[in-house]
Amino acid sequence: MKYKIIENPNYEETYELVEEGLRRKGTIIINACCKVSYEGRAMSELDYGDRIIMMKPDGCFLIHQDNKVAPVNWQPPKSKPRAYIKNETLFLESYRRSPQERLEVKIKKTNFATYSLIEDYEELEIAGYEKDMGDMIWDHPHMIEDGFKPTAREYSTEHGFIDILGKDSEGNLMILELKCRKAGVSAVKQIRRYLTDFENTENKELKGHNSEKQKIRGLLVAPSIGDDALELLEEEGIEFVAVEPPKELKQDKKVTLDTFF
């Protein structure tokens, strides 16, 4: 089950849903009449009102009112969330050590509560740079390695579109995931799923790519990579190639390579 929703739950039912959502690393959304208190670099208090409470798997904790884009209270990623019951009242809390901050939500009545197991491995593409990066690699495949031959772009799989599919000098299949900015853990997880699609598929076309003598190589291509992502990359046996996205384009949309060579 990828999601769960309950309407007009009591405080115990809401608590059980939040605990289950936290345990399953889901994104939790609660519509409730609540009171919000913050202690940290400053102090604030927001009296009772109907609000949207959101708790994300990365530790983000957000309180939204019915106006404005930004949350009225929030805690950043890597904060520690928890739920507890005191005097037959449900409390939600988000805490972090550095700087020391604590956000507490006292729930008076829950209108509905839900959690979802969201799968989203894409990163925002700005100004088409990843497409331009793909154009550059397609026209100059030696940037990846000598003997690399790209064979397809935007190749459809169960988990999305592979940026570039190709073969190395020994005929092994190569799956390239391109990022125009510093690559994070989500990019590693995405390419891991592409590899799984190829390893598990029964599609005849994919079998043609993947004979017994062939390996399947995953390559994450980006200007740089974060420490957490690099650690996961090494665990998964995926390769990293550092490539800067193009800074200039000719009028015919081909890359000006002076920036790189």
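Scroll up to find the structure.
Residues numbered from 1 in each chain as written. Predicted model: local features only at pLDDT ≥ 70, side-chain atom pairs only at ≥ 80, totals over all residues. Heavy atoms only, no water.

> Mind showing me how you'd approach the overall build of the protein here?
In terms of helices and strands, the protein carries five helices and 13 strands. Looking at the protein as a whole, 43% of its 261 residues are labelled buried. Taking as baseline every contact in the protein between residues at least 6 positions apart, the subset at least 24 positions apart corresponds to 54%. Accessible surface, the protein as shown: approximately 15300 Å² in total, 47% of it carbon and sulfur. (Helix = DSSP H or I, 4+ residues; strand = E, 2+ residues; numbered from the N terminus. Buried < 20%, exposed > 50% of the residue type's maximum accessible area, 1.4 Å probe, protein only. Contact = heavy atoms within 4.5 Å. Areas by Shrake-Rupley, 256 points an atom, 1.4 Å probe, with all protein chains shown as cover.)

> Please clarify how the nonpolar core should be interpreted in this entry.
Where a protein is soluble and globular, its nonpolar side chains tend to be buried together. Within the largest apolar cluster, 22 residues are counted, with the highest numbers of intra-cluster contacts made by I30, I53, F61, L92, V105 and I107. Residue assignment for this core shows that the elements contributing at least two residues are α1 (11-23), β2 (27-39), β3 (43-55), β4 (61-64), β7 (89-96) and β8 (101-116). No other element matches the six residues that β2 contributes to this core. Each residue touching F61, except ones within four places of it in the same chain, is listed here: I53, M54, M55, N73, W74, Q75, L92, E93, S94, L103 and V105. (Core = buried A, V, L, I, M, F, W, Y, C linked by side-chain atoms within 4.5 Å.)

> It is not clear to me how the state of the cysteines should be interpreted in this structure. Could you clarify?
Joining two cysteines, a disulfide is a covalent bond between their sulfur atoms. Applying the stated criterion across every chain yields a total of zero disulfides. The thiol sulfur of C34 is not disulfide-bonded, and the nearest other cysteine sulfur, from C33, lies at 6.8 Å. (Disulfide = S-S within 2.5 Å.)

> Please explain helix α5 (residues 227-236) as it appears in this structure.
Structurally, the α-helix is built with 3.6 residues per turn, so residues lying three or four positions apart point the same way. Of all the residues in α5, the buried ones are A229, L232 and L233. Within α5, the buried residues cover an arc of 105° as seen down the axis, which keeps them to one side. Structural note: α5 exposes D227, E234 and E235 on the side pointing more than 90 degrees away from its buried face. Looking at the buried positions of α5, the neighbouring elements they touch are α3 (185-200), β12 (216-222) and β13 (239-242). Following α5 by one or two positions, G237 adopts a phi angle in the positive range, close to 75°. (Arc of directions from axis to C-beta.)

> Help me out: how do you make sense of the packing of aromatic side chains in this one?
Given two aromatic rings, one states the distance between the centres and the angle between the planes to describe the pair. Under the defined criterion, the tally for this structure stands at two aromatic pairs. Directly above the ring of Y48 sits K108, whose terminal nitrogen or CZ lies 5.2 Å from the centroid. (Phe/Tyr/Trp six-rings, centres within 6.5 Å; stacked < 30°, edge-to-face > 60°. Lys NZ or Arg CZ within 6 Å of the ring centre and 35° of its normal.)

> Can you help me understand the layout of surface pockets in this one?
Summary: where empty space remains is shown by rolling a probe the size of a single water molecule over the atoms. Counted as a void, the largest pocket has a volume near 1000 Å³. In this structure, the largest pocket is lined by 21 residues; those nearest its centre are P57, D58, D120, S186 and K189. Considering every element that reaches the lining of the largest pocket, the biggest residue donor is α3, with four residues. Per-class residue counts for the lining of the largest pocket are six nonpolar, three polar and twelve charged. (1 Å grid on protein atoms, 1.4 Å probe; cavity = no way out; pocket = protein on both sides within 12 Å on 5 of 7 lines; lining within 4 Å. Points joined across faces, edges and corners; volume = space filled by probe spheres on them. Nonpolar A, V, L, I, M, F, W, Y, C, P; charged D, E, K, R; others polar.)

> How do you make sense of unusual backbone geometry when you look at a structure like this?
If a residue is not glycine, its phi is most likely negative; likewise, a peptide bond is most likely trans. Each neighbour pair has its own omega, and for S98 with P99 the value is -5°, a cis peptide bond. Its identity as a non-glycine residue notwithstanding, K25 has a phi of 60°, on the positive side. Residue position: K25 is located in the loop between α1 and β2. Given a relative accessible area of 63%, K25 falls into the exposed group. The phi angle at K68 is positive, at roughly 70°, despite the residue not being glycine. Among the secondary structure elements, K68 is positioned in the loop between β4 and β5 (73-75).

So yeah, pure geometry; function would need other evidence.
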